[in-house]
Amino acid sequence: MSTLPTLAIVIPCYNEEEVLPETVKRLGELYTRLVNTHKILGKSYIVFVDDGSQDATWEMISSYADTYPFIKGIKLSKNEGHQHALLAGMAYAHRTHTDCMVSLDADLQQDPDAVEVMVEKYREGYEVVLGIREDRESDSFFKKMTAEGYYTLMHFMGVDIEFNHADYRLMSYKALSFFLQFKERNLFIRGMIKLIGLKTTKVYFKTTERFAGESKYTLKKMLSFAWSGITSFSLFPLKLITITGFIIFLGSIVLSLDVLYTVYFTNEAVPGWASTVLPLYFIGGIQLLALGVIGEYIGKIYAETKGRPHYFIEEEVA
Ligand code: UDP
Ligand code: MG
């Protein structure tokens, strides 16, 4: 066992005024327990990252930061999305030199008690501890099917991603230092974690329903996140074009043989039909598909070359 660590708990929040009081209460209890039982040092803290909320989230965070010495807040100037808010919190933890950092959602759907186990793993020498959900009972049938289908698809495309791991994880100072060297704009953090290597382990936790408010992941945000994961980590869509092209090429050879047969050995040939219509469908379709996918990648190159900042911190309170 190493000496007592300092811990930063990072909570991204987007329009979470309904859940914040309960979250602060539960996490405050957890914090106090961890400090009192000598699991973490008293310099540890909880930092709420307001991801450009339109409701009272930031006002609440500021007043909690005034009341409790262990609560801090960061306000992003506009809504950047969950992954970018998380990055802001991770960078903050790194900047303040905490020994380790745990990120989790504001709605406490992920059992906060797993934090204690994560810290124990850290003290055993692990640099990254991944939270893995035990069940998906609290999810709707739709969410369950799409999530599991997505993980399976990612594996099929050769992306190394942990099944049922979202963004509930512990990272050491060193892991954060490595992670923050990634300069990509299209963030899919759970995929990037694998790329940093280091000693990693898993901790299982239970999930519950969101206790207040609505999901802040709209279908649009969800789809864009899923698509980002694929195009940032897999070249399979490009390969698929080659494969499709090859199959269509073979198919057109077989078709041509059939057309030649009809022309020379039967009287059924309609002059010009096959040679006009077949290539029209095939080539038209495949060109559109190819252009679409290539366009996606060019879009990413475009975003990367611009090198825009991920976020602007408008204010900080401590
Ligand atoms: N979140 C965020 N920015 C966004 C959307 C969500 O910071 O644009 C936060 C949100 O406040 C929560 C976490 O990301 O702490 C996960 O969101 P949510 O619980 O709504 O997603 P779900 O559990 O439904 O997938
Ligand atoms: Mg949630």
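The rules behind the values
- Residues numbered from 1 in each chain as written.
- Chains lettered and ligands numbered in written order.
- Predicted model: local features only at pLDDT ≥ 70, side-chain atom pairs only at ≥ 80, totals over all residues.
- Heavy atoms only, no water.
- Phe/Tyr/Trp six-rings, centres within 6.5 Å; stacked < 30°, edge-to-face > 60°.
- Lys NZ or Arg CZ within 6 Å of the ring centre and 35° of its normal.
- Salt bridge = Lys/Arg side-chain N within 4 Å of Asp/Glu carboxyl O.
- Helix = DSSP H or I, 4+ residues; strand = E, 2+ residues; numbered from the N terminus.
- Buried < 20%, exposed > 50% of the residue type's maximum accessible area, 1.4 Å probe, protein only.
- Core = buried A, V, L, I, M, F, W, Y, C linked by side-chain atoms within 4.5 Å.
- Contact = heavy atoms within 4.5 Å.
- 1 Å grid on protein atoms, 1.4 Å probe; cavity = no way out; pocket = protein on both sides within 12 Å on 5 of 7 lines; lining within 4 Å.
- Points joined across faces, edges and corners; volume = space filled by probe spheres on them.
- Nonpolar A, V, L, I, M, F, W, Y, C, P; charged D, E, K, R; others polar.
- Patch = residues over 30% accessible without salt bridge, like charges linked within 9 Å, V, L, I, M, F, W, Y side chains within 5 Å.
- Areas by Shrake-Rupley, 256 points an atom, 1.4 Å probe, with all protein chains shown as cover.
- Donors = N, O, S within 2.8 Å, 3.2 Å for Na, K, Ca; no water.
- Near = heavy atom within 4 Å.
- Polar contact = N/O pair within 3.5 Å; in protein donor to acceptor, adjacent residues only side chain to side chain.
- Expected span 1.5 Å × (residues − 1).

Peer 1: Explain the packing of aromatic side chains to me, please; I cannot follow it from the model alone.
Peer 2: The relation between two aromatic rings is expressed through the spacing of the ring centres and the mutual angle of the planes. Counted according to the given criterion, the structure contains 11 aromatic pairs. Here the aromatic cluster, defined as three or more aromatic residues joined through ring pairs, consists of Tyr31, Tyr64, Tyr68 and Phe70. Lying over the aromatic face of Tyr45, Lys72 brings its terminal NZ or CZ to 5.4 Å of the ring centre. Here Lys199 stacks its cationic end above the ring of Tyr126, 4.6 Å away from the centre of that ring.

Peer 1: How should I be thinking about the pattern of salt bridges in this particular structure?
Peer 2: A side chain of one charge can pair with a side chain of the opposite charge if their charged atoms are brought near each other. The final tally for this structure, using the stated rule, is 16 salt bridges. A salt bridge links Arg210 to Glu16; the nearest nitrogen and oxygen atoms lie 3.0 Å apart. Taken together, the residues Arg210 in the loop between strand E7 (200–205) and helix H8 (219–233) and Glu16 in the loop between strand E1 (7–13) and helix H1 (20–36) connect sequence positions 194 residues apart. On the basis of relative accessibility, which here comes to 18%, the residue Arg210 falls in the buried class. Using a relative accessible area of 5% as the deciding quantity, one classes Glu16 as buried. Between Arg95 and Glu316 there is a salt bridge; the shortest N-O distance is 3.3 Å. Within this pair, whereas Arg95 is found in helix H3 (residues 82–95), its partner Glu316 is found in strand E8 (residues 313–317), the two being separated by 221 residues in sequence.

Peer 1: I tried to follow the nonpolar core on my own but got confused; where do I start?
Peer 2: As a rule of thumb, nonpolar side chains are buried together in soluble globular proteins. By size, the foremost hydrophobic cluster in this structure holds 37 residues, and its most contacted members are Leu7, Ile11, Ile46, Phe48, Val115, Tyr168 and Leu170. Breaking this core down by element, the ones donating at least two residues are E1, H1, strand E2 (45–50), helix H2 (57–67), strand E4 (100–103), helix H4 (114–123), strand E6 (165–172) and E7. Of all the elements, H1 adds the most residues to this core, at 6 residues. Once you skip the residues sitting within four places of it in the chain, Val115 turns out to touch Leu7, Leu30, Leu34, Val102 and Tyr168. Core analysis: the second largest hydrophobic core is formed by 29 residues, Ile74, Leu176, Met192 and Ile196 among them.

Peer 1: Sorry, what's going on with the layout of surface pockets here?
Peer 2: A water-sized probe rolled over the atoms picks out the places where empty space is left. Quantified by volume, the second largest pocket comes out at close to 200 Å³. Lining the second largest pocket are 14 residues; nearest its centre among them are Val259, Thr262, Val270, Trp273 and Ala274. When contributions to the lining of the second largest pocket are tallied by element, the ones reaching two or more residues are helix H9 (236–265) and helix H10 (273–306). Among the elements that take part in the lining of the second largest pocket, H9 stands out by supplying 5 residues, more than any other. Residues that form the lining of the second largest pocket fall into these classes: 9 nonpolar, 3 polar and 2 charged.

Peer 1: Just checking my understanding: could you explain a nonpolar patch on the surface for this structure?
Peer 2: Together, Phe246, Phe249, Leu250, Ile253, Leu257, Leu260, Tyr261, Val263, Tyr264 and Phe265 line one region of the surface with nonpolar side chains, adding up to about 1100 Å² of accessible area. With respect to the helices, strands and loops of the structure, Tyr264 is situated in helix H9.

Peer 1: Whenever I open this one, the coordination of the magnesium ion (ligand 2) confuses me. Can you help?
Peer 2: Octahedral six-donor coordination of a metal ideally yields angles of 90 or 180 degrees, compared with 109.5 degrees for tetrahedral four-donor coordination. Donor atoms from the polypeptide that coordinate the magnesium ion (ligand 2) comprise Asp107 (OD) and Gln109 (OE1), at 1.9 Å from the metal. For Asp107, a relative accessible area of 4% puts it in the buried group. Judged by its relative accessible area of 23%, Gln109 falls in the partly exposed class.

Peer 1: Before we go on, may I ask you to explain the site of ligand 1 in this structure?
Peer 2: The environment of ligand 1 is formed by 19 residues, the closest being Glu16, Asp51, Asp107, Ser215 and Lys216. Within the backbone of Pro12, a nitrogen or oxygen atom sits 2.7 Å from an oxygen atom of ligand 1. Within the complex, the protein chains bury 93% of what would otherwise be the 530 Å² of accessible surface of ligand 1. Contributions of two or more residues to the shell around ligand 1 are made by E1 and H3.

Peer 1: Please clarify how helix H5 (residues 141–156) should be interpreted in this entry.
Peer 2: Side chains of residues three or four places apart in an α-helix project in the same direction, reflecting 3.6 residues per turn. Between its first and last C-alpha, H5 extends 22 Å over 16 residues, near the 22 Å set by a 1.5 Å rise per residue. Buried-residue contacts for H5 involve E6, helix H7 (189–195) and H8. Following H5 by one or two positions, Gly158 adopts a phi angle in the positive range, close to 85°.

Peer 1: What should I look at first to understand empty space enclosed by the protein in this one?
Peer 2: Considering all chains together, one arrives at 1 cavity of 30 Å³ or more under this definition. In terms of lining, the largest cavity is formed by Leu130, Ile161, Glu162, His165, Arg190 and Lys194. Per-class residue counts for the lining of the largest cavity are 2 nonpolar, 1 polar and 3 charged.

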